[in-house]
Amino acid sequence: MTRIFHIADLHFGTEDKALVENFIALCHRHKPDVVIAAGDFTQNGRKHEFEATKAFFARLPAPIVATPGNHDTPTRALLARLIHPWKRFRTVIEAMAQDALVIGGVQIESLNSARRAQMRLDWSLGDISKSDLTQLTSEFRKSSAQTRILTCHHPLLAPSGPTGRARTRHGLWAADQLAQVCDLVLTGHLHESFALPLKTKGQTCWFIGASTAFSARTRDEPPGFNQIDVRPEAHRLIHFASDGQGQFLPVKTVKLARSAGAPHPLNFQ
Ligand SMILES: [Fe+2]
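In this numbering scheme, every chain counts its residues from 1 along its sequence in written order. Only residues with pLDDT of 70 or above have their local features reported here, since the model is predicted, and side-chain atom pairs are shown and tallied only from 80 upward, although totals for entire chains, interfaces and linings are computed over all residues. Excluded from the side-chain calculations are hydrogens and water; all other atoms, namely the structure's heavy atoms, are used.

**Q** Quick question: what am I supposed to make of the sheet that holds strand β13 (residues 266-267) here?
**A** Strand pairing in a sheet takes place through backbone hydrogen bonds and is either antiparallel or parallel in direction. On the basis of which strands lie adjacent, the open sheet formed by seven strands has the order β4-β5-β6-β7-β9-β8-β13 and mixed pairing. The sheet terminates laterally at β4 (100-103) and β13, the two strands that pair on one side only. In this structure, strand β8 (residues 194-200) lies alongside strand β9 (residues 203-209), joined through seven bridges in antiparallel fashion. Bridge pairing in β9 links Ala195 to Ile208. At least two DSSP bridges between two strands are needed for those strands to be called paired. Secondary structure elements are defined from DSSP: runs of H or I of at least 4 residues count as helices, runs of E of at least 2 residues count as strands, and each element is numbered from the N terminus.

**Q** I tried to follow the environment of Ala179 on my own but got confused; where do I start?
**A** Along the chain, Ala179 turns up in helix α6 (residues 171-179). Through-space distance from the C-alpha of Ala179 to that of Thr200 is 6.4 Å; in sequence the pair is 21 residues apart. Leave out the neighbours within four places in its chain, and Ala179 touches Leu198, Thr200, Gln203 and Cys205. Contact definition: two residues touch when any of their heavy atoms are within 4.5 Å.

**Q** How should the sheet that holds strand β11 (residues 234-242) be read in this particular structure?
**A** The sheet built from six strands is open, its strands ordered β3-β2-β1-β10-β11-β12 with mixed pairing. The sheet is open, and its two edges are formed by β3 (64-66) and β12 (248-257), each paired on a single side. Ignoring strand direction, the axes of neighbouring strands in this sheet form an average angle of 20°. For helices, the fitted line uses only the C-alpha atoms of the stretch in contact; every axis is such a line through C-alpha atoms, and the angle between N-to-C directions lies from 0 to 180 degrees.

**Q** Explain the coordination of the iron ion here, please?
**A** Octahedral metal centres with six donors ideally show angles of 90 or 180 degrees, and tetrahedral centres with four donors ideally show 109.5 degrees. Any N, O or S atom lying within 2.8 Å of the metal counts as a donor, and for Na, K and Ca the limit rises to 3.2 Å; water is left out, so some sites can look incomplete. Looking at the iron ion, one finds its protein donor set to be Asp40 (OD), Asn70 (OD1), His153 (NE2) and His189 (ND1), positioned 2.2 to 2.3 Å from the metal centre. In these descriptions, tetrahedral denotes four donors with every angle between 85 and 135 degrees, square planar four donors and octahedral six donors with opposite donors over 155 degrees apart and the rest between 65 and 115, and irregular any other case. Classification of the site at the iron ion rests on its four donor atoms, whose angles at the metal span 89 to 165°, yielding the label irregular. Between the donor residues of the iron ion, the gaps in sequence give the motif D-x29-N-x82-H-x35-H. Taken together, the residues span a long stretch of sequence, with His153 in the loop between β6 (147-151) and α6 and His189 in the loop between β7 (184-187) and β8 at a distance of 36 residues. Across the pair, His189 and His153 agree in class, each one buried. With a 1.4 Å probe rolled over the protein chains alone, any residue whose accessible area is under 20% of its type maximum counts as buried; one over 50% counts as exposed, and the rest are partly exposed.

**Q** What's the story with the nonpolar core in this structure? I'm lost.
**A** Generally speaking, nonpolar side chains in soluble globular proteins are found buried as a group. Within the largest apolar cluster, 32 residues are counted, with the highest numbers of intra-cluster contacts made by Ile7, Phe23, Phe56, Leu60 and Phe214. Listing elements by their share of this core, those giving two or more residues are β1 (2-7), α1 (17-30), β2 (34-37), α2 (47-58), β3, α4 (87-96) and β11. Among the elements that take part in this core, α1 stands out by supplying six residues, more than any other. Apart from the residues lying within four places of it in its own chain, the contact partners of Phe214 are Asp9, Leu10, Phe12, Thr14, Glu15, Asp16, Leu19, Val20, Phe23, Phe56, Pro223 and Phe248. The next biggest cluster of nonpolar side chains, apart from the first, holds 23 residues, and it includes Ile128, Leu136, Leu150 and Ala174. We call a set of buried Ala, Val, Leu, Ile, Met, Phe, Trp, Tyr and Cys residues a nonpolar core when their side-chain atoms join them within 4.5 Å.

On their own, these measurements won't tell you what the molecule is for.
See below:
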């Protein structure tokens, strides 16, 4: 079994410090083999927010796989955003985390779905590069790993469909491509926890969203994260949610079947 802690939308700068401490304590207690962090480490891409992320990473007792989110570029300094959008992410996050990892028969890859600018008004939305995704799926096809996982910040499938903040460009196309070669796709951005199955040729790929991990600026559900135990027959997902007093508590456990017979889409709230 390989244990994953899946977090997203940490948003250092608006973090609940008690939840940060509790998450670190839970990492020591539950001993994940890897922490997969699906973007939006900072609130506004500021230096001190990246420094807080760095201090957090330094205290985690597991390797980290990280991918950037739309908040990880300077959100208020347009020139810096256009000239070197990922400078701070590369300097701070990439120095402490990896963009890919193979561990215990599990291959984890990441994909940057955030953009410095777009030909649409809302630059916070996701965009999947078709050439990058084709390269990834080709690597997954060649892989001998028993379980293949992709993480990107923006959702490819979402409970409400490709509307609102889930309008990831080429998202549905990417979901269809990944479902053929991948077992789990771990995302963030919506601050919404869910697990959606997509079945192809007898195997099921699960698209899993995480709530915001630490942000005090929540939307419709409290901060939380997912523990995913990767197993041969069916994965086990335990969703932890904040109790409102600085503690994460397990609130739902679901079985994610790997093949035929996948249950209906799941929402954790
Ligand atoms: Fe985001």
